[in-house]
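# Results of the structural survey
Letter by letter, the chains look like this.
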Amino acid sequence: MIYKSKIGDIDLSKLTRLYPAAVVNVDGEIAEMSLEWADMNEDKVNITSFVLVFDFTLPKEKVRDKKELHFQTKDELILAIQEVSQFF
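### So, the overall build of the chain
On a plain count of helices and strands, the chain comes out with 2 helices and 6 strands. Each helix and strand of the chain, placed in order from N terminus to C terminus, yields the pattern β-β-β-β-α-β-β-α. Each principal axis of the C-alpha atoms in the chain carries an extent, and together these give about 40 × 30 × 20 Å. Of the contacts made within the chain by residues no fewer than 6 positions apart, 52% connect residues no fewer than 24 positions apart. Charge-centre separation for the chain: the mean point of 11 positive side chains lies 8 Å from the mean point of 16 negative side chains.

Structure below.
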């Protein structure tokens, strides 16, 4: 199962986790947070973008193996999630 994305082909058959996140700026610190957390704290943080994370890291591996698709809006992220979900 190959998902053709704007960053290249992503082999979904080796995927261990797939999750969306909001990229937030809190007092100069940039972090990925769950969409739920970002929604609950939107008055306290600056959401700079959104990301869909394709994580290929095997359990107990120390080095993260992941690819990320970045989006400016939550609507763009949702569209990408819908595209990827067609593969499952």
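### Section: the pairing of strand E2 (residues 8-11)
As a general feature of sheets, a regular strand has side chains that alternate between the two faces. Looking at chain direction, strand E1 (residues 2-5) and E2 are connected through 4 bridges and run antiparallel. Each bridged residue has a counterpart across the sheet, and for Lys4 the counterpart in E2 is Asp9. Taking the residues that link successive antiparallel strands as the turn, the E1-E2 hairpin has 2 residues.

Reading guide: rules and limits
Residues numbered from 1 in each chain as written. Predicted model: local features only at pLDDT ≥ 70, side-chain atom pairs only at ≥ 80, totals over all residues. Heavy atoms only, no water. Helix = DSSP H or I, 4+ residues; strand = E, 2+ residues; numbered from the N terminus. Contact = heavy atoms within 4.5 Å. Lys, Arg positive; Asp, Glu negative; His and termini not counted. Charge placed at Lys NZ, Arg CZ, Asp CG, Glu CD. Pairing = 2+ DSSP bridges.

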